[in-house]
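Given next are the chains, with one letter for each unit.
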Amino acid sequence: MFVQSILDFIQFFEKKGKETLLYTEKLWHNKIHDKEELLLAFQIMTLFYHEVLNDQCERNIQIFKEEKDLITSISKQNTINQIIQKINIIMQQKKKIKINVNNGLLIDKLILDL
């Protein structure tokens, strides 16, 4: 359920882009409640976009095999450089979790930067 919530967030973001800011309460804040969950969510996003990168490079999907259609769809909508940039942004924002940055603002910044 938790992982699916993160995948739903990614899917929504990939379809709606910055409009996702209007739905962060429903898509994120109601599902991610503490720092540990936030760190886990960012790790899941990193792994997921790594799988998108694998698809782009015609390598096997290793972790999210059941999400092949979503991965392929996102892969087709992004270049390799865009995917790498998204992974880097997620990793940069993840570091901020550890220094107790406001979680709401952190997600808003993530959406704006992606």
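Computed from a predicted structure; not experimentally measured. (Residues numbered from 1 in each chain as written. Predicted model: local features only at pLDDT ≥ 70, side-chain atom pairs only at ≥ 80, totals over all residues. Heavy atoms only, no water.)

Novice: Quick rundown of the side chain of Ser5? Include the residues and the values.
Specialist: Tracing the sequence through the fold places Ser5 in helix 1 (residues 2-16). Each residue touching Ser5, except ones within four places of it in the same chain, is listed here: Leu27 and Lys31. (Helix = DSSP H or I, 4+ residues; strand = E, 2+ residues; numbered from the N terminus. Contact = heavy atoms within 4.5 Å.)

Novice: Just give me the short version of the packing of helix 1 against helix 4 (residues 68-77), but keep the residues and values in it.
Specialist: Axis separation between helix 1 and helix 4 bottoms out at 11 Å; the angle between their running directions is 30 degrees. The orientation of helix 1 relative to helix 4 falls into the category roughly parallel. Between helix 1 and helix 4 the crossing geometry is left-handed. Facing Leu7, Ile10, Gln11 and Glu14 of helix 1, the residues of helix 4 in contact are Leu70, Ile74 and Gln77. Residues that form the contact of helix 1 with helix 4 fall into these classes: 4 nonpolar, 2 polar and 1 charged. (Axes fitted to C-alpha atoms, helices over the stretch in contact; angles between N-to-C directions. Parallel < 35°, antiparallel > 145°, perpendicular 65-115°, else oblique. Left-handed = near helix turned anticlockwise from the far one by under 90°. Nonpolar A, V, L, I, M, F, W, Y, C, P; charged D, E, K, R; others polar.)

Novice: I'd like to hear about the packing of helix 3 (residues 35-56) against helix 6 (residues 103-113), residue by residue, with values.
Specialist: With their axes 12 Å apart at the nearest point, helix 3 and helix 6 run at an angle of 15 degrees to one another. Taken as axis vectors, helix 3 and helix 6 run roughly parallel relative to one another. Viewed along their axes, helix 3 and helix 6 form a crossing whose handedness is left-handed. Contacts between helix 3 and helix 6 involve Leu38, Phe42 and Met45 from the former and Asn103, Leu106, Ile107 and Leu110 from the latter. Class assignment for the residues of the contact of helix 3 with helix 6 results in 6 nonpolar, 1 polar and no charged.

Novice: Account for the pattern of salt bridges, with residues named and values stated.
Specialist: Side-chain pairs of opposite charge can arise whenever the charged atoms involved come near each other. Counted by the stated rule, this structure contains 3 salt bridges. In this structure, Lys68 and Asp55 form a salt bridge, with 2.9 Å as the shortest nitrogen-oxygen distance. Highlighted residues: Lys68 in helix 4 and Asp55 in helix 3, separated in sequence by 13 residues. Assessed through its relative accessible area of 15%, Asp55 is described here as buried. A salt bridge links Asp113 to Lys109; the shortest N-O distance between them is 3.1 Å. Here Lys109 and Asp113 lie together in helix 6, a separation of 4 residues that amounts to about one turn. The class for Asp113 is partly exposed, based on a relative accessible area of 28%. (Salt bridge = Lys/Arg side-chain N within 4 Å of Asp/Glu carboxyl O. Buried < 20%, exposed > 50% of the residue type's maximum accessible area, 1.4 Å probe, protein only.)

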